[in-house]
Amino acid sequence: MRYYGIKKKILYCGLIVLLFFILLHPSRNAKGTYEFIEREHILSNLLYDTAENFSSTAIVECDYYNVVYDDSTLSISIADGDLVENHRVKDGGEYVPVECRPSLSTAIIIPYRDRAEQLRAFLVYMHMFLRRQFIHYRIYVVEQVDSKPFNTAKLMNIGAAAAIRAGFPCLVLHNVDLLPLRPANLYACTKLPRHLSSSINKLRFVLPHQNVFSGVVSISSKQFKLINGMTNGNTGDKSDLHNRLKVAG
């Protein structure tokens, strides 16, 4: 009788844990499905444009078909290493492939404060990741040096303004604590702003709410200027950018 009672308690505990798992799963909060671009339509939706005054000595144009259809993943252990000289990253965090002439230029904007080790790991990993995509890119790290609440939106606006002045046609707004898994997740702009981090492991690869449009987002410089950037006073509203884009149509 006692043995049976213990089994019964274990069963009840298991059912309670299962119930909590079901109730707390992010998919319960997901509001239907969201629009996405099928893989076979990615290339036709890209905004092919390079930065002003950009030039390349390569003869052959870069082909992005193999990038989009690359199903490999990068090991997170890359972040523990260091950049080496043959990575060919220029001063200012800029990279231009020498194997081919890129038809995509992207500025990656990183808001940052007091995360030195995380930033180091991010930069090592991202330079390894991005060079496999054969795009011309530059990483902008925008640091907040005061002790006021961390103002992500204002830092994004500052970085975007600098990138736009440098002639970059495409912006990727990027949190420092997110790393892409697959090179097929092309860091380039499409005809409409695109959410590059709609699926992350922390949320079991489920987007909790459709109006969450943060983490990693690609948007053309023209569109960013059209919506007048992000709300400068915003320190944590992750739907701000989504709302501005929605109002702008």
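Up top you'll find the structure we're talking about.
Parameters and conventions
- Residues numbered from 1 in each chain as written.
- Predicted model: local features only at pLDDT ≥ 70, side-chain atom pairs only at ≥ 80, totals over all residues.
- Heavy atoms only, no water.
- Pairing = 2+ DSSP bridges.
- Helix = DSSP H or I, 4+ residues; strand = E, 2+ residues; numbered from the N terminus.
- Contact = heavy atoms within 4.5 Å.
- Axes fitted to C-alpha atoms, helices over the stretch in contact; angles between N-to-C directions.
- Disulfide = S-S within 2.5 Å.
- Buried < 20%, exposed > 50% of the residue type's maximum accessible area, 1.4 Å probe, protein only.
- Phe/Tyr/Trp six-rings, centres within 6.5 Å; stacked < 30°, edge-to-face > 60°.

Please explain the sheet that holds strand β3 (residues 136-143) as it appears in this structure.
Within a sheet, neighbouring strands are paired by backbone hydrogen bonds and run either parallel or antiparallel to one another. Ordered in space as β1-β3-β2-β4-β6-β5, the six strands form an open sheet in which the pairing is mixed. Edge positions in the open sheet fall to β1 (94-95) and β5 (194-195), since each of these has one partner strand only. By the bridge criterion, two bridges tie β5 to strand β6 (residues 216-220) in an arrangement that is antiparallel. Each residue of the ladder has a partner; that of His195, found in β6, is Val217. Along the sheet, helix α5 (residues 152-165) makes contact with β2 (105-112), β3 and β4 (170-174), crossing β2 at roughly 150°.

It is not clear to me how the state of the cysteines should be interpreted in this structure. Could you clarify?
Disulfides are covalent bonds that connect the sulfur atoms of two cysteines. Within this structure, the stated rule accounts for two disulfides. Paired through a disulfide, Cys62 and Cys100 show a sulfur-sulfur distance of 2.0 Å. Classification of the bridge connecting Cys62 and Cys100 rests on its S-S torsion, roughly 90°, and on that basis the disulfide is right-handed. Separated by 38 residues along the polypeptide, Cys62 in the loop between α2 (42-45) and α3 (65-68) and Cys100 in the loop between β1 and β2 bring together distant segments of the chain. Both residues of the pair, Cys62 and Cys100, count as buried. Here Cys170 pairs with Cys189 through a disulfide, and the sulfurs are 2.2 Å apart. In this structure, the disulfide formed by Cys170 and Cys189 twists by about 90° around the S-S bond and is classed as right-handed. Here the residue Cys170 occupies a position in strand β4, and Cys189 occupies one in the loop between β4 and β5, the gap between them amounting to 19 residues. Note on Cys189: relative accessible area 2%, which makes it buried. Ordering the disulfide-forming cysteines of the chain by sequence position, one finds them joined as 1-2, 3-4.

What am I meant to see in the packing of aromatic side chains here?
In this description, an aromatic ring pair is defined by two values, namely the gap between the centres and the angle between the planes. Going through the model one piece at a time under the given rule, you end up with four aromatic pairs. Ring centres of Tyr65 and Tyr69 lie 4.6 Å apart, and the angle between their planes is 25°; on these two criteria the pair is classed as stacked. A relative accessible area of 33% places Tyr69 in the partly exposed class.

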